[in-house]
Amino acid sequence: MRHIISLLMENEAGALSRVAGLFSARGYNIESLTVAPTEDPSLSRMTIVTTGSEEIIEQITKQLNKLIDVVKLVDLTEGAHIERELMLIKLRAPDAERRAELKRLADIFRGRIIDVTDSTYTIELTGDGDKLDAFIGAVGEGTIIETVRTGASGIARGTRSLHL
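Note that this is a predicted model, so its numbers are computed, not measured.

Asks: Hey, could you run me through helix α4 (residues 129-139) in this one?
Replies: Helical geometry: 3.6 residues make up each α-helical turn, so side chains three or four residues apart lie on a common side. Within the span of α4, buried status applies to G129, L132, F135 and V139. Summarising the axial view, the buried residues of α4 lie within an arc of 125 degrees, below the 170-degree limit, and thus occupy one face. Turned more than 90 degrees from where α4 packs its buried face, D130 and G137 sit exposed. Contact partners of the buried residues in α4: β5 (81-92), α3 (96-108), β7 (120-127) and β8 (144-149). Following α4 by one or two positions, G140 has its phi on the positive side, about 85 degrees.

Asks: Help me out: how do you make sense of the pattern of salt bridges in this one?
Replies: Charged atoms that come close allow side chains of opposite charge to pair. One pass over the full model with this rule turns up ten salt bridges. For K62, the salt bridge goes to E58, with nearest N and O atoms at 3.1 Å. A residue pair is termed a helical-turn pair when its members lie 3 or 4 positions apart in one helix, as K62 and E58 do in helix α2 (residues 54-66) at four residues. The class of E58 is partly exposed, set by a relative accessible area of 42%. Among the salt bridges present, the one from R149 reaches E85, with a minimum N-O distance of 2.7 Å. Residue R149 is located in strand β8, and its partner E85 is located in strand β5; the two are separated by 64 residues in the primary sequence. What makes R149 partly exposed here is its relative accessible area of 31%. Classification of E85 by relative accessible area gives buried; the value is 12%.

Asks: Whenever I open this one, the sheet that holds strand β3 (residues 43-51) confuses me. Can you help?
Replies: By definition, the strands of a sheet pair up through backbone hydrogen bonds, in either a parallel or an antiparallel sense. The sheet built from four strands is open, its strands ordered β2-β3-β1-β4 with antiparallel pairing. Every interior strand has two partners, whereas the edge strands, β2 (32-37) and β4 (70-75), have only one. Between one strand axis and the next, the sheet turns by 15 degrees as a mean value, whatever way the strands run. Along the sheet, helix α1 (residues 15-26) makes contact with β1 (2-10), β2 and β3, crossing β3 at roughly 20 degrees.

Asks: Sorry, what's going on with the packing of α1 against α2 here?
Replies: How two helices pack is summed up by the angle between their axes together with the distance between the axes. As a packed pair, α1 and α2 sit with axes 10 Å apart at the nearest point and diverge in direction by 140 degrees. Considered as vectors, α1 and α2 are oriented oblique to each other. Crossing angle aside, the handedness with which α1 passes α2 is right-handed. In this structure, α1 uses V19, L22, F23 and R26 to contact α2, whose residues at the interface are I60, Q63 and L64. Counted by class, the contact of α1 with α2 contains five nonpolar, one polar and one charged residues.

Scoring rules and cut-offs
Residues numbered from 1 in each chain as written. Predicted model: local features only at pLDDT ≥ 70, side-chain atom pairs only at ≥ 80, totals over all residues. Heavy atoms only, no water. Buried < 20%, exposed > 50% of the residue type's maximum accessible area, 1.4 Å probe, protein only. Helix = DSSP H or I, 4+ residues; strand = E, 2+ residues; numbered from the N terminus. Arc of directions from axis to C-beta. Contact = heavy atoms within 4.5 Å. Salt bridge = Lys/Arg side-chain N within 4 Å of Asp/Glu carboxyl O. Pairing = 2+ DSSP bridges. Axes fitted to C-alpha atoms, helices over the stretch in contact; angles between N-to-C directions. Parallel < 35°, antiparallel > 145°, perpendicular 65-115°, else oblique. Left-handed = near helix turned anticlockwise from the far one by under 90°. Nonpolar A, V, L, I, M, F, W, Y, C, P; charged D, E, K, R; others polar.

Right, dumping it as structure tokens:
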């Protein structure tokens, strides 16, 4: 099962390496990883997307909680949450007809065309992974030049939060 684990950790050199090392040492896969400082410059928020049985996820969370750099941890998939991902996708747009079709698809998916050249469009999309995958399917693989995705970021809904 897919899990989104979000944690607050000390914003210091080597902290990310220790978390990644924990996963690799035990043979667990990280599907995506995002890290950025929080409103408190001494803390970073890390969001890890991984898969595994309930026992494996329990083992991962216990091991993460043992790391000295980890201040607090929550498995967002245990409750109501919101997740989003950012994608930048560069597409072939060789003629007016294809440009119009790509513009229509970007509008349908609530994307923004952020760069235009004589033969390409670069589109920015945000949403859950399924939405981004659907856009990729809609444009067709022959149209795609390059794709960059951030991986999931998540936050709990309502008053539930990850803070000290």
